[in-house]
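Tertiary structure, described
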Amino acid sequence: MSKILIRGARVLGGEVRDILIHDGTIAEVGASVDNTDAADTTVVEAGGKVLLPGLVDLHTHLREPGREDSETVLTGTRAAAVGGFTAVHAMANTFPVADTAGVVEQVWRLGRESGYCDVQPVGAVTVGLEGKQLAELGAMYDSAAGVRVFSDDGKCVDDAVIMRRALEYVKAFDGVVAQHAQEPRLTEGAQMNEGVVSSELGLGGWPAVAEESIIARDVLLAAHVGSRVHICHLSTAGSVELVRWAKSKGWNVTAEVTPHHLLLTDELVRSYNPVYKVNPPLRTDADVMALREALADGTIDCVATDHAPHPHEDKDCEWAAAAMGMVGLETALSVVQETMVDTGLLDWAGVADRMSFRPARIGRLEGHGRPVAAGEPANLTLLDPAYRGVVDPAGFASRSRNSPYAGRELPGRVTHTFLRGKATVFDGILA
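Now for a description of the structure that goes with this document. Since the structure is predicted, the reported quantities are computational estimates derived from the model, not experimental observations.

1. What to know about the overall build of the chain
- Helix and strand counts for the chain stand at twelve helices and 19 strands.
- Taking 22 Å as the expected radius of gyration for a compact globule of 431 residues, we find that the chain reaches 21 Å, a close match to that expectation.
- Overall, the C-alpha framework of the chain stretches about 65 × 45 × 45 Å when taken along its three principal axes.
- Put simply, the chain has 431 residues, and 61% of those count as buried.
- Contacts in the chain between residues at least 24 apart in sequence constitute 74% of all its contacts with a sequence separation of at least 6.
- Summed over its atoms, the accessible surface of the chain is roughly 15,600 Å², and 49% of this surface lies on carbon and sulfur atoms.

2. Quick notes on empty space enclosed by the protein
- Counted by the stated rule, this structure contains four cavities of 30 Å³ or more.
- In this structure, the largest cavity occupies an estimated 50 Å³ of space.
- Broken down by secondary-structure element, the contributors of at least two residues to the lining of the largest cavity are α8 (259-263) and α11 (332-341).

3. Observations concerning the environment of Val 97
- Inspection of the secondary structure assignment puts Val 97 in the loop between β7 (85-90) and α2 (101-114).
- Exposure remark for Val 97: the relative accessible area of 14% places this residue in the buried category.
- Between the alpha carbons of Val 97 and Asp 152 there is a distance of 9.5 Å; along the sequence they are 55 residues apart.
- Dropping the residues within four chain positions of it, Val 97 is found in contact with Ala 92, Val 103, Ala 124, Gly 128 and Leu 129.

4. Section: the nonpolar core
- With 73 residues, the main nonpolar core has Leu 234, Leu 333, Val 351 and Met 355 as its most contacted residues.
- A per-element tally of this core places helix α6 (residues 208-225) first, with six residues.

5. A few points about the sheet that holds strand β8 (residues 118-121)
- What the three strands build is an open sheet, ordered β6-β7-β8; its pairing is parallel. Of all strands in the sheet, those bounded by a partner on one side alone are β6 (55-60) and β8. Taken pair by pair, the neighbouring strands of this sheet meet at an average axis angle of 20 degrees, ignoring direction.

6. Observations regarding the packing of helix α4 (residues 160-171) against α6
- Interaxial distance between α4 and α6 falls to 10 Å at its minimum, and their mutual angle equals 45 degrees. Comparing their axes, α6 and α4 come out oblique. Judged by the twist between their axes, the crossing of α4 over α6 is right-handed. On α6, the residues touching Ala 160, Met 163, Arg 164, Leu 167, Glu 168 and Lys 171 of α4 are Arg 217, Asp 218, Leu 221, Ala 222, His 224 and Val 225.
- Residue composition of the contact of α4 with α6, by class: six nonpolar, one polar and five charged.

7. Considerations on the pattern of salt bridges
- Taken as a whole and assessed by the stated rule, the structure comprises 23 salt bridges.
- Across the salt bridge formed by Glu 168 and Arg 164, the nearest N and O atoms sit 3.0 Å from each other. You can see Glu 168 and its partner Arg 164 sitting in helix α4, four residues apart, about one turn around the helix.
- Since its relative accessible area comes to 36%, Glu 168 is described here as partly exposed.
- Since its relative accessible area comes to 36%, Arg 164 is described here as partly exposed.
- Asp 297 serves as the salt-bridge partner of Arg 244, at 2.9 Å between the closest nitrogen and oxygen. Separated by 53 residues along the polypeptide, Arg 244 in helix α7 (residues 237-248) and Asp 297 in helix α9 (residues 285-297) bring together distant segments of the chain.

8. Considerations on the side chain of Glu 183
- Along the chain, Glu 183 turns up in the loop between β10 (176-179) and β11 (192-193).
- No salt bridge forms around the buried Glu 183; measuring N to O, its nearest opposite-charge neighbour Arg 217 is 5.9 Å away.
- In this view, Glu 183 contacts Ala 210, Ser 213 and Ile 214; residues no more than four positions away in its chain are not counted.

9. Section: the packing of aromatic side chains
- Using the criterion set out here, one finds four aromatic pairs in the structure.
- Here the aromatic rings of Tyr 169 and Phe 173 are separated by 6.4 Å at their centres, their planes lie at 70 degrees, and the arrangement is edge-to-face.
- Residue Phe 173 is classed as buried on the basis of its relative accessible area of 10%.
- Aromatic rings pair up to connect Tyr 141, Phe 150, Tyr 169 and Phe 173 into one cluster.

10. Regarding α11
- Burial runs high along α11: nine of the ten residues are buried.
- Looking at α11, one finds that the buried residues are Ala 332, Leu 333, Ser 334, Val 335, Val 336, Gln 337, Thr 339, Met 340 and Val 341.

11. What about the state of the cysteines?
- For the coordinates displayed, the defined rule picks out zero disulfides.
- Cys 302 supplies the cysteine sulfur nearest to Cys 117, a cysteine that is in no disulfide, at a spacing of 16 Å.
- Look at Cys 117 and you get buried, because its relative accessible area is 1%.

The rules we used
Residues numbered from 1 in each chain as written. Predicted model: local features only at pLDDT ≥ 70, side-chain atom pairs only at ≥ 80, totals over all residues. Heavy atoms only, no water. Helix = DSSP H or I, 4+ residues; strand = E, 2+ residues; numbered from the N terminus. Rg over C-alpha atoms; globule rule 2.2 N^0.38 Å. Buried < 20%, exposed > 50% of the residue type's maximum accessible area, 1.4 Å probe, protein only. Contact = heavy atoms within 4.5 Å. Areas by Shrake-Rupley, 256 points an atom, 1.4 Å probe, with all protein chains shown as cover. 1 Å grid on protein atoms, 1.4 Å probe; cavity = no way out; pocket = protein on both sides within 12 Å on 5 of 7 lines; lining within 4 Å. Points joined across faces, edges and corners; volume = space filled by probe spheres on them. Core = buried A, V, L, I, M, F, W, Y, C linked by side-chain atoms within 4.5 Å. Pairing = 2+ DSSP bridges. Axes fitted to C-alpha atoms, helices over the stretch in contact; angles between N-to-C directions. Parallel < 35°, antiparallel > 145°, perpendicular 65-115°, else oblique. Left-handed = near helix turned anticlockwise from the far one by under 90°. Nonpolar A, V, L, I, M, F, W, Y, C, P; charged D, E, K, R; others polar. Salt bridge = Lys/Arg side-chain N within 4 Å of Asp/Glu carboxyl O. Lys, Arg positive; Asp, Glu negative; His and termini not counted. Phe/Tyr/Trp six-rings, centres within 6.5 Å; stacked < 30°, edge-to-face > 60°. Disulfide = S-S within 2.5 Å.

Spelled out as structure tokens, the structure:
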């Protein structure tokens with residue numbers, strides 16, 4: 001394999017360094033790496049660009065098997081590479097549901113074949129996501145996919161007994177249950193965040209307490225059994241306080257926030273544009289500010305995209321009939337730069353922590369979320385932070401186009417993504 005020399009990159013936004021990659025590994029990091037084998041080396045000029053460890057997404061919907069009209073493992077991993085991700089966790093709400101060793105192995109093998117980024121399947125907590133019977137958690141862990149994260153995402157594990165049993169089961173192999181916190185009885189008929197805007201628009205309200213009550217229950221259950229619980233797509237200021245309280249107790253609780261909940265508010269629903277319909281719903285400006293502060297201080301551990309592709313017919317319709325969800329892999333890092341870096345809440349080292357180191361650690365993912373240092377796997381992301389451009393979903397690598405940022409100017413552009421030394425993106429164009 002030929003060598004790659006990344007010349008003049010700002011590692012984690014700090015000191016300028018050269019990085020030499022050979023045989024899928026970082027061979028050398030230094031102020032001036034000697035390029036003695038120039039004929040066998042591809043040089044990437046990185047002056048002014050920021051080098052980060054490859055991003056890791058804990059929450060991606062790849063839709064395959066069963067909804068290949070929305071996304072496939074191939075197109076989804078392409079989108080991930082464009083966004084700077086070298087690993088994604090594929091959620092279980094496929095058709096069939098990823099609730100057996102056979103299905104998770106199928107997704108895992110499709111990921112290995114695609115080559116654009118690593119795919120780590122997430123196993124369902126319950127059979128068919130129905131919340132009635134535990135799925136084959138042990139068999140999925142023992143499979144070739146080595147599943148460590150389990151979630152019924154898209155649905156809440158609302159039965160406290162089932163949730164307790166799941167937490168007890170995964171404790172045996174240091175797994176984690178990732179909860180979609182939504183009390184279903186409190187969100188029947190809900191269309192958007194419950195508040196002033198929902199009242200004015202006459203749309204069914206989705207109260208914050210529907211999320212917060214499940215989080216309160218589950219952090220208590222996790223503490224009771226001594227297991228790990230991860231809270232998916234945190235969206236309210238009250239949820240932040242509950243997680244902060246649980247962590248102050250020393251309980252094994254982690255949480256994620258999506259890019260769209262860091263930027264967008266329920267005021268956008270006044271347009272009745274279904275692109276803004278998402279689960280959990282867009283919240284208030286006060287919630288957005290609380291989420292940003294919690295991500296900055298570490299109460300929220302990581303950013304996860306909740307990339308949720310849908311074909312145009314599922315979104316290009318009246319609000320009440322529209323599917324919930326937004327694509328987010330290709331714009332996640334730009335939104336984080338806009339909301340966290342350019343506002344001074346995080347530096348690039350903090351971004352590396354929240355978008356690579358911590359999600360890899362939560363998912364127990366080997367080879368990712370590693371320091372930019374000699375001897376480490378060359379899973380890397382090179383970003384031009386000075387770039388600003390208007391988002392045009394027509395150019396997305398994803399099969400779907402349901403982006404809430406269409407026509408919005410955002411900063412930053414990933415120019416190169418390296419998966420074990422293989423450059424999968426060059427200046428935004430897939431290799």
